[in-house]
Structure formats: structure tokens, C-alpha cells
Amino acid sequence: MERMVILTGAGISRESGLDTFRDEGGIWSRIRLEDVCTPEGFARDPDTVDDFYNKRRRELSTAEPNAAHRALADLEAAYGNMTDDAFLLITQNIDDLHERAGSENLVHIHGELLRLRCLNCGATPLWATDCQRNTPCPACGQPHLRPDVVWFGELPLHMERIQRALERCEVFVAIGTSATVYPAAGFVDEVSGQARTVELNLVPSGNAGLFDEVSYGEATTIVPRFVRDYLAENLL
């Protein structure tokens, strides 16, 4: 099996009922990202930021993984026991739908909705309910919790592991991403000439012209089809 890196964005979770961000009618068409996704917004109005993420957690609690999530878990399972990142799923999403579908070899480059981060002690507890300004940290007891997500102006997570996987990958697949947020939008450039590159998306992304192969349509249709075809070619 070829070394594979997969990048997923909000488009893969859209059919699970979760809002995308940059599409027409998406979250950023209704809410200013500066108010809820920047350190400055949190410092200025933490209650508004907490309310925003509390709503996202409640929405996530009723969402379920879809056929695209499950297909990627099946693809990972076909790789068997891995001692290194022969297969790595990088998600820009902060939801846990990949995990619930069965994916294990994955990283959340933008953090996780179901974790908080304590600004006092650095703890990152799992968290599925609402968080308010007076909510105490379960580790230190201090009420200094924020969402454990990467806001604009902050450094993405797991970059060393991601770079190692990109340097060695032979197939790179981008799914459901607008290709407007860096560094993830630049990954296809990094592997160009080294890896077979594939875009699976509802519509062409901002850097669709950089991919060797493209396929457009609903994620629940095109992702399972890609996985089925890839496994048929590589497990003969």
C-alpha cells in the first residue's frame, strides 16, 4: 500500500448536518469570525465566544458520522497495523465524527471542539457540555477555561508529525476543503511532483488546478467511490 495523507475540511461533515464555514449560507456569512475565532475576540467578549462554542457542541451531539467518514475509516483499516504514518488523516474539522466512524490514525490541526484548555494550568480536559465564565477547571479548580481550538492568529497543531507524513507520502487526497486556510491549503504544493494528488469536493476549491485528479459531488457519494476504487486497485 502506498503511503497516504488525507486532508479533510468542513465539507465532509456537511451531510451529517454540521454547518460549513465559508460556503454560501455558512457560519461566516452570519457571524463575524473576528468576534468568535480570535484571541482578541475572546479577550473582548468571552461570553459571546463561549455561547458560540456551546451551540456547536450541542449541534455536534445530534450529528452522526456519514458514509464518507466511514469509508475513510475502512480505508485506514485496510492498511492494517502501522508502525509509522503510512496512513495519516489530517482534519481541519474540530468535530469528532472521524473518531466516531472508527478512524484512529488522525490529527486535528485546528484543535477539538470537545476539549477545553485551561489558561491557568494548561490542562486540556474532554468536555461535551456547556462552558461558562465561572466554570472551574477540573484539574486546578480555576475558572480560566477556553475552547481548545486554534483561532486565527494562532499556530496550528501537530505540524511536526504532519510534515514527516507529507515528506514521505505517495498519495495526497484533499476532501471537502475550500483551500483558503493555511498551512493546510499549501499541503498540495508541498507534495506536488512527489505524490499523486486528488481533490474530492462538492465544487472546485481555490487550488483545484494543482491536483492531478479531481472529482466533484456529494462527499457521501464520491469518497466511498474513491475508497472502493483505490482498494480494488491496490489489494489485488
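What you are looking at is a predicted structure, and each value in this text was computed from that prediction instead of being measured.

Participant: Where do I start with the pattern of salt bridges in this structure?
Facilitator: Should their charged atoms come close, side chains of opposite charge can pair. For the structure shown, the criterion picks out 12 salt bridges. For D50, the salt bridge goes to R133, with nearest N and O atoms at 2.5 Å. Here the residue D50 occupies a position in helix α3 (residues 46-61), and R133 occupies one in the loop between β4 (111-118) and β5 (145-149), the gap between them amounting to 83 residues. Residue class for D50 comes out buried when judged on its relative accessible area of 3%.

Participant: Please clarify how the UniProt feature "binding site: Zn(2+)" (unreviewed entry) in the protein should be interpreted in this entry.
Facilitator: Per the UniProt record, "binding site: Zn(2+)" (unreviewed entry) is found at C118, C121, C137 and C140. For the annotated residues, spread through 23 residues, the largest C-alpha to C-alpha distance comes to 8.7 Å, consistent with a single compact locus. If you trace the backbone, C118 turns up in strand β4. Those residues in contact with C118 that sit more than four places away from it in its chain are A123, C137, C140, H144 and L145. With respect to the helices, strands and loops of the structure, C140 is situated in the loop between β4 and β5. Given the relative accessible area of 29%, C140 is considered partly exposed.

Participant: Looking at this model, I keep getting lost on the pairing of strand β7 (residues 196-201). Mind explaining?
Facilitator: Taken residue by residue, a regular strand's side chains alternate between the two faces of the sheet. Counting buried positions along β7 yields 5 of 6 residues, so the element is predominantly enclosed. In the sheet, strand β6 (residues 171-175) pairs with β7 via 5 bridges, with the strands oriented parallel. Looking at the pairing, F172 lines up with T197 of β7. Where β7 meets strand β8 (residues 213-216), 4 bridges bridge the pair, whose relative direction is parallel. Considered in β8, the bridge of L200 is made with S215.

Basis of the calculations
Residues numbered from 1 in each chain as written. Predicted model: local features only at pLDDT ≥ 70, side-chain atom pairs only at ≥ 80, totals over all residues. Heavy atoms only, no water. Salt bridge = Lys/Arg side-chain N within 4 Å of Asp/Glu carboxyl O. Helix = DSSP H or I, 4+ residues; strand = E, 2+ residues; numbered from the N terminus. Buried < 20%, exposed > 50% of the residue type's maximum accessible area, 1.4 Å probe, protein only. UniProt positions renumbered as here; feature names shortened; annotations may be inferred. Contact = heavy atoms within 4.5 Å. Pairing = 2+ DSSP bridges.

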